[in-house]
Amino acid sequence: MLIRRIYQLSLILITTFILIGCQTQQSYEYLWQYYQDYFPIGATFSQYSIDGYRDGLAAHFNSMTLENEMKWIELQPSEGVFNFDMADSMLELSERHNMLVRGHTLVWHEGLPNWVLRNSDQTLVDKETALSRMRTHIYEVMMHFGNTVYAWDVVNEVIEDGNIPLNEEKSNIYRQSDWFNVTGTDFIKEAFIYARQVADENNLDVKLFYNDYGNESPAKREKTIAMLEWLIEENVPIDGIGIQGHYNIGSIDIDEISRTIDMYAELGLEVQITELDINVYDDQNNLAETQNYQNWYHNGLPSSVEEIQTAYYRRLFEVYRSKAAITNVTFWGVADDYTWLDQMPYLNRKNYPFIFDVYHEKKSSYEAITAFRGGQ
Ligand code: GLA
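None of these values were measured; they are calculated from a predicted model.

Describing the site of the ligand
In step 1: Lining the immediate environment of the ligand, one finds K71, H104, W108, N156, E157, Q244, H246, E275, W332 and W340.
In step 2: At 3.1 Å, a side-chain N or O of N156 approaches an oxygen atom of the ligand.
In step 3: Between Q244 and the ligand, the recorded distance is 2.7 Å, taken from a side-chain N or O atom to an oxygen atom.
In step 4: Surface burial for the ligand is 85%, taken as the share of its 300 Å² of free accessible area covered by protein chains.
In step 5: In this structure the site holding the ligand corresponds to the largest pocket.
In step 6: Considering only residue class, the shell around the ligand consists of 3 nonpolar, 4 polar and 3 charged.

Laid out in structure tokens, this is it:
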């Protein structure tokens, strides 16, 4: 009798330990599940990747961005001629996997057909024409995608690059693009005001973002903050800032990234990481470990380099998880067989920037960013 009791008690104890163990060592099938208490986790799809990854790798993500198909040149190549077919067909994937969609992008100096800001003799159009074309584009595109898109990159990349700090007159904030040369800063302000008006008048539940790269480096961040403070002072409706997050293993500064997220959050803005990838070439040779390599990893990523990349992914996601202001983290691609970086800075230098490899298998970086829940 006593032996039977002891046996039963032991069974109960063992079951309890296993259950407790399962709670701390939680394992999920898909990446987004690990992050469901933190933020949606997204990937950017291209026409190439949409076929190769559909339903397999796509299931790992609960947010989707289109790499090019929502840019102006794709949606309105000539004035008044809108073409949504490609974007619409790609977005079927987001429906099947219940993904949120980030809209990228409404107003940008690149991916812009010539007719928008240039007359046929190549002189710049006047300000009224520019702003009216911008409003028409914003209206048609936002209305077409409606509530499918939950966050728009309304304005992309208007801050001047480089390490020159903000000057006293605050006259060196902006990129000297055609948009800027025609309208000054009005296009920035008007784009947000008009996008919010379209949303409000048509019951669209969308967040409006400013998006840029390198905006965690001190000089560009200072200028970005000067612009954001101006927009906020003028009551311009902006919900958040996108940090693109195109990093390089030779020059990521995690502390600076962390500080930057806090500084943007202090302005009352949401922060989204919109285009994350970690380039494996240390072109500046800042890392002793990479100096022996030829910078041409055509036969695969050397494990010593992958370890460095994995360590950065681990630390980056630790930082992301620690910030309440972060409301989305999106990779600028899906797996290493397709990345825009293969053509950067010159053609056909194979890169490996993601957490899935060229065969769509999980890399050590996948494990590193899911290990906080006890691994995959
Ligand atoms: C920028 C743009 C993106 C894309 C990348 C390079 O980050 O915002 O749309 O063009 O450059 O692919």
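Having seen the structure, we can now continue with the description.
Notes on empty space enclosed by the protein
In step 1: Scanning all chains against the criterion turns up 1 cavity of 30 Å³ or more.
In step 2: Estimated volume of the largest cavity: approximately 70 Å³.
In step 3: Its residues assigned to classes, the lining of the largest cavity comprises 7 nonpolar, 3 polar and 2 charged.

A few points about the layout of surface pockets
In step 1: As a volume, the largest pocket reaches approximately 1000 Å³.
In step 2: For the lining of the largest pocket, the secondary structure elements donating two or more residues are β7 (246-248), α10 (254-266) and β8 (270-279).
In step 3: Along the lines of polarity and charge, the residues of the lining of the largest pocket split into 12 nonpolar, 12 polar and 12 charged.

With respect to the side chain of N62
In step 1: The topology assignment puts N62 in the loop between α3 (47-53) and β2 (63-66).
In step 2: Polar side-chain contacts of N62 include one of 2.8 Å to the backbone nitrogen of I41.

Let's talk about helix α8 (residues 186-201)
In step 1: Across its 16 residues, α8 extends 22 Å between first and last C-alpha, which sits within 8% of the 22 Å expected from 1.5 Å per residue.
In step 2: Among the residues of α8, those classed as buried are F187, I188, A191, F192, Y194, A195, R196, V198 and A199.
In step 3: Next to the buried residues of α8 lie β3 (100-107), α6 (127-145), β4 (151-156), α7 (178-183), β5 (207-212) and α9 (218-233).
In step 4: N203 sits one or two residues past α8 and shows a positive phi near 50 degrees.

Reading guide: rules and limits
- Residues numbered from 1 in each chain as written.
- Predicted model: local features only at pLDDT ≥ 70, side-chain atom pairs only at ≥ 80, totals over all residues.
- Heavy atoms only, no water.
- Near = heavy atom within 4 Å.
- Polar contact = N/O pair within 3.5 Å; in protein donor to acceptor, adjacent residues only side chain to side chain.
- Areas by Shrake-Rupley, 256 points an atom, 1.4 Å probe, with all protein chains shown as cover.
- 1 Å grid on protein atoms, 1.4 Å probe; cavity = no way out; pocket = protein on both sides within 12 Å on 5 of 7 lines; lining within 4 Å.
- Sits in = over half its atoms within 2 Å of the grid points.
- Nonpolar A, V, L, I, M, F, W, Y, C, P; charged D, E, K, R; others polar.
- Points joined across faces, edges and corners; volume = space filled by probe spheres on them.
- Helix = DSSP H or I, 4+ residues; strand = E, 2+ residues; numbered from the N terminus.
- Expected span 1.5 Å × (residues − 1).
- Buried < 20%, exposed > 50% of the residue type's maximum accessible area, 1.4 Å probe, protein only.
- Contact = heavy atoms within 4.5 Å.

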